[in-house]
Amino acid sequence: MDQSIKGTAADWIEVGRVEDIPRQGSRIVKTGRGDIALFRTVADEVFALEDRCPHGGGPLSQGIVHGARVTCPLHSWVIDLASGEAVGPDEGCAGHCPVRVVGGVVHLGLMAFKEGCGHE
Amino acid sequence: MTTHTTSPQTSRKRLVVVGNGMAGIRTLEELLAKAPGRFEITVFGAEPHPNYNRIMLSPVLAGEKTFEQIVLNGRDWYEANGITLFTGDPVESIDREKRTVTAMSGRTVAYDTLLIATGSTPFIIPVPGADRLGVVGFRDLADVETMLEAAAQGGRAVVIGGGLLGLEAANGLKVKGMDVTVVHLMDTLMERQLDRSAGTLLQRELERRGIAVLTGADTAEILGNSRVSGVRLKDGQVLPADLVVMAVGIRPNMALAKAAGLACGRGLQVDDAMRTSDPAIYAVGECVEHRGQTYGLVAPLFEMARVAADRLAGGETSAYTGSVTATKLKVTGVDVFSAGDFSGGAGCEDIVFRDAARGVYKRVVVKGDRLLGAVLYGDTKDGGWYFQMLKDGADVSAVRDTLIFGQGFGGGEGTANPKAAVVALPDSAEICGCNGVCKGTIVQAITEKGLSSLDEVRAHTKASASCGSCTGQVEQLLAVTLGDGYAGEAKAKPMCKCTDRTHDEVRRAIAALELKTIPDVMQRLEWKTPDGCHHCRPALNYYLLCQWPGEYKDDYRSRYINERVHANIQKDGTYSVVPRMWGGLTNAKELRAIADVVEKFAIPTVKVTGGQRIDLFGVKKEDLPAVWADLNAAGMVSGHAYAKGLRTVKTCVGSEWCRFGTQDSTGLGVKLERLTWGTWTPHKVKLAVSGCPRNCAEATIKDLGVVCVDSGYELHVGGNGGMHVRACDLLVKVATEAEVLEYTGAYMQLYREEARYLERTAPWLERVGLDYVKKRLVDDPESRKALNARFLFSQTFSQDDPWAERASGAVDRHEFAPLAQVG
Ligand code: SRM
Ligand SMILES: Cc1cc2nc3c(=O)[nH]c(=O)nc-3n(C[C@H](O)[C@H](O)[C@H](O)COP(=O)(O)OP(=O)(O)OC[C@H]3O[C@@H](n4cnc5c(N)ncnc54)[C@H](O)[C@@H]3O)c2cc1C
Ligand code: SF4
Ligand code: FES
């Protein structure tokens, strides 16, 4: 069930096990470039977004996770976990980076981080 | 000691097979078909039996088959094909230089080509006591015999592992009369093959069959003296057991290969030709690792066997490139199928089909024009069809719209056109299961009584009047019977886009169908999304909590952040903390503790709230447990300033000090707060008690306000501030504090049971009318007492301080600590 992204071992940083993230929930990874929120969906897929809502910087890690989306806790924007894009009438995109899961271990592709764009 | 060598007269090459199991012998079958007589063949098997169908051990355990019925190749087959078979004699070493193998008996046999097919061994979790008598894996006939012996004594079995094997073992042991408990580490069964919805359905079905299932349960120790007597879990729970089956996973059996110096990783490594790092040695089956993958099902092994046989027969091109696997559970009467990747993700589209009446759940995942995965529960007849398309990478765009209905859907059958389906039903077909109303009765009522709406049908026939799961069918009957004469229903607003049902319908169904978990509700009420959204999940969580006090386990993942972490999130992502101040009273000890906490955690803002207590703003999330611990130490608990629940009870000074006070409004406020704190309600609830009609506590714009007068207490209800200020209506005047408390409990419970989620008491009261509330609370003392009793009962489960639980680290510890720190 590897969500495969090609890369060398050095590009991938181990951050923990899938079980350490609650299903339909999120955990934070603190990094030099700010907090990254790791999400685990009901289907056990893992995604990583910058922990800042494109709307007003809300901590997305604190939102309700449903399907492959999260609802921002501050003003309920809904963000697509895979693309970081706001869903529906709202426009904006949260920073995100690739994740791979190998043997239950979550690896973060921090080198390939993509900046978000928002209305801040 | 005997040494077997081939007779010198033959020039045939010698093939030795280690492992008399499914993959090894399948390879031989294929080889004999392709190149009979090419090899002189010797087979070693560790088990004392000829080759049998291992996957059928489950039906043997359940008593549905005998061992004789599952033998694939009896000894006569080996004889007829000139194969030398040594059973009960495991190979212990391989000498690659000399090209010989030596078995336990000391027998040494030389080979030109060796085929290793040693399968795998059950993983026994290394907890203390795992070696006690009565602890078995589930792998071979010997295990099954041990289990059957234990089952013959009755008694209790604990099966560790809720995957395919564990559940088949559990079912078999149950059928054989044991009391069975499945202990599973993850929170859904077969989590690697099934999604949460299907896993939950499966769990319900097993529980219905009397198998106890403990999820999220980790084994700490196997108890007993020489024999097992029980299992202790990490949470301290002890499960008595006469038999423990470990079915937590398998490990490729590669010890022999490793000792011989063959390249091994997670398994014995092979290339696409099924050759190991030694070109004279091939390997197939569960013991191998191919392109980093290991397998635990027969289909891939059979594909490997075909390639290995072809290579052994002299072929040079055939290659094994890995397999897509599908799973079916072999528990009679439970149909479960899963294949491919159904975890969704970027660009994937989920198509979900639920037919609650038939207990069917299907989910297919499509990406672009291709099928990625499928999970089927209850109706697996299309499993093969999906699996074929999946393996073929078939373009499904042409059938995409009807994909979920399965292969049988050709348009003509009408199975997917609900109207046609309802037309096709006989008059005797039952439409409403709750009230036993059949199609004929409904159609007759529509035509003879001139009914034209759902409500009329409900009133005259009771169809769709209880759980409402047949509502769609009744509407179709109206449409079919009346044709253009049916205007359709003026639809009440559904809960959210995940369902067509209204809040009230969902609540009724939860009670009528005894739905006890969110996945249950979503399944039975045919939710259109896999796990709902931020609108429906918190509502469902509340409805379930309210309906099943003490029984329902709160789903924190369905709570808004404030209620999940018991603090209010602020615009910068920090939190505010409001300790309870009963009735607005405080004292030096509390104030000192607050001051200390503010200094210790450098809390930037302290404010007196409009709710008569103190709010600490700007607390970092990771500091919350420590802040709470300090406040707890001074006797303070959560003020629930974040909750859809009781917030504050505001009071004024009252008769104790105030020259106008008629009653002890402060004391009564404290009593009311002690009565109601901790409850969960559809929206927040605020109370107040004023000591006289000057009303300093603003009691008449509260959800429930008490205004004290000389002769007693006026109870005012349904007020709020906010954008639409509403002053309360007078409900009743009573003479004693005891009556105030009883009315309050009853009023809270009526609101809890009947208001919609996120409806405050003011709009609720306007919707149902003051007269209705009076009827339930004032005119009918029995009803009032019953409501109050239900409130008090539910309060016995809700008055635990959520801060204390979390400050101790016992609950939701993961919320407050980062997963990792990098860079
Ligand atoms: C802190 C406080 C303001 C203050 O500093 O005084 C406050 C702060 C908030 N109020 Fe309030 N309300 C506070 C007393 C009130 C009062 C006064 C009262 O209770 O007597 C009212 C009017 C009375 C009423 O509720 O009817 C009030 C009416 C509201 C409303 C409108 C409710 C409505 O039914 O329309 C909201 C919005 C909502 O709940 O959806 C709201 C929502 C909020 C929220 C929760 C906004 C939010 O979702 O983040 C604020 C949270 C701040 C925080 O992090 O603590 N607050 N809020 C008061 C906390 C009281 C306490 O001790 O718990
Ligand atoms: C109860 C049960 C139910 C199952 N249900 C299903 C199912 O529904 N669908 C499915 O696809 N799969 C199922 N499986 C899995 C399936 O049975 C295996 O994938 C398959 O049997 C593996 O074949 P194999 O030849 O690799 O290993 P095995 O069939 O285990 O054969 C290996 C043989 O090698 C022997 N051996 C080991 N070491 C030595 C040695 N040193 N010398 C000599 N002999 C040795 C072993 O004793 C064993 O007999 C089930 C398995 C079990 C146990
Ligand atoms: S009045 Fe508005 S700004 Fe002030 S606390 Fe209430 S919600 Fe926040
Ligand atoms: S900050 Fe996320 S919705 Fe406003």
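### Things to note about the overall build of chain A
Here is step 1: Across its full length, chain A carries zero helices and ten strands.
Here is step 2: N-terminal to C-terminal, the α/β element order of chain A is β-β-β-β-β-β-β-β-β-β.
Here is step 3: Scored against the burial criterion, the 120 residues of chain A give a buried share of 58%.
Here is step 4: Of the roughly 4,800 Å² of accessible surface on chain A, a fraction of 50% belongs to carbon and sulfur atoms.

### Quick notes on the interface of chain A and chain B
Here is step 1: Between chain A and chain B, the residue contacts involve 35 residues of the former and 40 residues of the latter.
Here is step 2: When the area that chain A buries against chain B is broken down by residue, the three leading residues are Arg-23, Gln-62 and Ile-64 of chain A, summing to 21%.
Here is step 3: On the surface where chain A and chain B come into contact, there are one salt bridge.
Here is step 4: With its nearest N and O atoms 2.9 Å apart, the salt bridge here joins Asp-187 of chain B to Arg-23 of chain A.
Here is step 5: Between the two partners, chain A and chain B, sit 17 residue pairs in polar contact (both at pLDDT 80 or more).
Here is step 6: Per element, the largest residue contribution to the side of chain A that touches chain B is five residues, and it comes from strand β2 (residues 25-31) of chain A.

### A short note on the nonpolar core
Residues and elements named next belong to chain B.
Here is step 1: Grouped together as the largest cluster of nonpolar side chains are 52 residues, with contacts concentrated most on Val-521, Trp-527 and Val-577.
Here is step 2: Breaking this core down by element, the ones donating at least two residues are α15 (503-512), α16 (518-524), α17 (536-547), α18 (561-565), β32 (575-577), α19 (588-600), β34 (614-619) and α20 (624-633).
Here is step 3: Among the elements that make up this core, the one with the highest residue count is α17 (eight residues).
Here is step 4: Contact partners of Trp-527, with chain neighbours within four places excluded, come to Val-352, Arg-354, Met-495, Cys-498, Thr-499, Val-506, Val-521, Met-522, Gly-532, Cys-536 and Leu-540.
Here is step 5: Within the second largest apolar cluster, 50 residues are counted, among which are Val-16, Leu-32, Phe-44 and Met-274.

### Some remarks on the site of ligand 2
Residue and element names in this part refer to chain B.
Here is step 1: The environment of ligand 2 is made up of 32 residues, and the closest members are Ala-23, Glu-47, Arg-139, Glu-286 and Lys-330.
Here is step 2: Contacts to ligand 2 include Val-298, whose backbone N or O atom sits 2.8 Å from an oxygen atom.
Here is step 3: Against a free-state accessible area of 980 Å², the protein chains account for coverage of 92% of ligand 2.
Here is step 4: When residues of the shell around ligand 2 are traced back to their parent elements, those giving at least two are α1 (22-34), α2 (57-61), α6 (164-175) and α9 (298-312).
Here is step 5: Taken domain by domain, the makeup of the shell around ligand 2 includes at least three residues from each of domain 1 (3-119 + 252-312) and domain 2 (135-248).

### Focus on the packing of aromatic side chains
What describes a pair of aromatic rings is the distance from one ring centre to the other and the angle between the planes of the rings.
Residues and elements named next belong to chain B.
Here is step 1: Going through the model one piece at a time under the given rule, you end up with 13 aromatic pairs over all chains.
Here is step 2: Taking 5.3 Å as the distance between ring centres and 45° as the angle between the ring planes, the aromatic pair formed by Trp-385 and Tyr-386 counts as tilted. Taken as a pair, Trp-385 and Tyr-386 share a single burial class, namely buried.
Here is step 3: On the basis of an interplanar angle of 55° and a centroid distance of 5.5 Å, the ring pair of Tyr-751 and Trp-764 is categorised as tilted. Of this pair, Tyr-751 sits in helix α22 (residues 737-754) while Trp-764 is found in helix α23 (residues 761-768), placing the two residues 13 residues apart along the sequence.
Here is step 4: On the basis of relative accessibility, which here comes to 1%, the residue Tyr-751 falls in the buried class.
Here is step 5: Taking the relative accessible area as the measure of exposure, Trp-764 reaches 0% and is therefore buried.

### A few points about the sheet that holds strand β25 (residues 336-340) of chain B
Residues and elements named next belong to chain B.
Here is step 1: Judged by pairing direction, the sheet is antiparallel, and its five strands sit side by side in the order β24-β25-β28-β27-β26 without closing on themselves. Every other strand in the sheet has two partners, leaving β24 (326-328) and β26 (348-355) as the edge strands with one partner each. Across the sheet, the mean angle from the axis of one strand to that of its neighbour is 15°, orientation sign disregarded.
Here is step 2: Where β26 meets strand β27 (residues 360-367), eight bridges bridge the pair, whose relative direction is antiparallel.

### Concerning the pairing of strand β10 (residues 105-108) of chain A
Residue and element names in this part refer to chain A.
Here is step 1: Across the two faces of β10 the burial is the same, with Val-105 and His-107 and Val-106 and Leu-108 all buried.
Here is step 2: Pairing analysis gives four bridges linking strand β1 (residues 13-17) to β10, with the strands arranged antiparallel. Pairing of Gly-16 across the sheet is with Val-106, part of β10.
Here is step 3: Bridge count between strand β9 (residues 99-102) and β10: four bridges; the pairing is antiparallel. Paired with Val-101 across the strands is Val-106, a residue of β10.
Here is step 4: Between β9 and β10, which pair antiparallel and follow one another directly, the connecting turn spans two residues, one of which, Gly-103, has a positive phi of 55°.

### A look at the sheet that holds strand β2 (residues 13-18) of chain B
All names here are of chain B.
Here is step 1: Read across the sheet, five strands follow the order β6-β3-β2-β10-β22 without closing on themselves; strand pairing throughout is parallel. Across the chains shown, the open sheet's two edge strands, defined by having one partner strand only, are β6 (84-86) and β22 (281-283). The average angle at which neighbouring strand axes cross in this sheet is 20°, direction not considered.
Here is step 2: Where strand β10 (residues 113-116) lies against β22, three bridges are found, and the strand directions are parallel.

### Thoughts on the environment of Val-99 of chain A
All names here are of chain A.
Here is step 1: Counting through the fold element by element, Val-99 comes out in strand β9.
Here is step 2: Here Val-99 falls in the buried class, since its relative accessible area comes to 6%.
Here is step 3: Sequence spacing of Val-99 and Ala-112 is 13 residues, and the spatial spacing of their C-alpha atoms is 9.9 Å.

### What to know about unusual backbone geometry
All names here are of chain B.
Here is step 1: Phi angles above zero are rare outside glycine, and Ala-602 is one such case at about 45°.
Here is step 2: By the element assignment, Ala-602 lies in the loop between α19 and β33 (605-608).
Here is step 3: Note on Ala-602: relative accessible area 61%, which makes it exposed.
Here is step 4: In this structure, His-640 takes a positive phi of about 50° despite not being glycine.
Here is step 5: By the element assignment, His-640 lies in the loop between α20 and β35 (646-651).
Here is step 6: Owing to a relative accessible area of 4%, His-640 belongs among the buried residues under this scheme.

### Quick notes on the packing of α22 of chain B against helix α24 (residues 770-777) of chain B
All names here are of chain B.
Here is step 1: In contact at an axis separation of 11 Å, α22 and α24 are set at 125° when each is read in the N-to-C sense. With respect to α24, the axis of α22 lies oblique. The two elements α22 and α24 meet at a crossing, and its hand is right-handed. Mapping the contact onto sequence places Tyr-743, Ala-746, Tyr-747, Leu-750 and Glu-754 in α22 and Tyr-772, Val-773, Arg-776 and Leu-777 in α24.
Here is step 2: Among the residues forming the contact of α22 with α24, the class breakdown is seven nonpolar, no polar and two charged.

### Topic: the pattern of salt bridges
Residue and element names in this part refer to chain B.
Here is step 1: On inspection of all chains with the given rule, the structure shows 53 salt bridges over all chains.
Here is step 2: A salt bridge links Arg-306 to Glu-30, with the shortest nitrogen-to-oxygen separation between them at 3.8 Å. Taken together, the residues span a long stretch of sequence, with Arg-306 in helix α9 and Glu-30 in helix α1 at a distance of 276 residues.
Here is step 3: Exposure remark for Arg-306: the relative accessible area of 42% places this residue in the partly exposed category.

### Regarding a negative patch on the surface
All names here are of chain B.
Here is step 1: On the surface, Asp-771, Asp-779, Asp-780 and Glu-782 cluster together into a patch of negative charge.
Here is step 2: Following the sequence through the fold, Asp-779 ends up in the loop between α24 and α25 (781-798).
Here is step 3: Classification of Asp-779 as exposed rests on a relative accessible area of 57%.

### With respect to the side chain of Thr-651 of chain B
All names here are of chain B.
Here is step 1: In this structure, Thr-651 sits in strand β35.
Here is step 2: A polar atom in the side chain of Thr-651 sits 2.7 Å from the backbone oxygen of Gly-583.
Here is step 3: Setting aside residues up to four positions removed in sequence, Thr-651 forms contacts with Gly-583, Gln-612, Ser-665, Thr-666, Gly-669, Val-689 and Ala-697.

### Some thoughts on the confidence of the model for chain B
Here is step 1: Scored by pLDDT, chain B comes out at a mean of 90, with 95% of its residues at no less than 70.
Here is step 2: Overall, residues 410-416 of chain B carries pLDDT values under 50, and its contacts beyond four positions in sequence, including any with other chains, amount to six contacts.

### Considering the pairing of strand β8 (residues 100-103) of chain B
All names here are of chain B.
Here is step 1: Note that strand β7 (residues 91-95) and β8 share four bridges and pair antiparallel. Across the sheet, the residue bridging to Asp-95 is Thr-100, located in β8.
Here is step 2: Strand direction decides the pairing type here: β8 and strand β9 (residues 108-110), joined by three bridges, are antiparallel. Its bridge partner being in β9, Thr-100 is matched across the sheet by Ala-110.
Here is step 3: The antiparallel pairing of β8 with β9 creates a hairpin that spans four residues between the two strands, and Gly-106 there sits at a positive phi of about 95°.

Cut-offs and rules
- Residues numbered from 1 in each chain as written.
- Chains lettered and ligands numbered in written order.
- Predicted model: local features only at pLDDT ≥ 70, side-chain atom pairs only at ≥ 80, totals over all residues.
- Heavy atoms only, no water.
- Helix = DSSP H or I, 4+ residues; strand = E, 2+ residues; numbered from the N terminus.
- Buried < 20%, exposed > 50% of the residue type's maximum accessible area, 1.4 Å probe, protein only.
- Areas by Shrake-Rupley, 256 points an atom, 1.4 Å probe, with all protein chains shown as cover.
- Contact = heavy atoms within 4.5 Å.
- Buried area = accessible area lost by both parts, 1.4 Å probe.
- Salt bridge = Lys/Arg side-chain N within 4 Å of Asp/Glu carboxyl O.
- Polar contact = N/O pair within 3.5 Å; in protein donor to acceptor, adjacent residues only side chain to side chain.
- Core = buried A, V, L, I, M, F, W, Y, C linked by side-chain atoms within 4.5 Å.
- Near = heavy atom within 4 Å.
- Domains from an automatic or database assignment.
- Phe/Tyr/Trp six-rings, centres within 6.5 Å; stacked < 30°, edge-to-face > 60°.
- Pairing = 2+ DSSP bridges.
- Axes fitted to C-alpha atoms, helices over the stretch in contact; angles between N-to-C directions.
- Parallel < 35°, antiparallel > 145°, perpendicular 65-115°, else oblique.
- Left-handed = near helix turned anticlockwise from the far one by under 90°.
- Nonpolar A, V, L, I, M, F, W, Y, C, P; charged D, E, K, R; others polar.
- Patch = residues over 30% accessible without salt bridge, like charges linked within 9 Å, V, L, I, M, F, W, Y side chains within 5 Å.
- Lys, Arg positive; Asp, Glu negative; His and termini not counted.
- Charge placed at Lys NZ, Arg CZ, Asp CG, Glu CD.
- pLDDT = per-residue confidence, 0-100.

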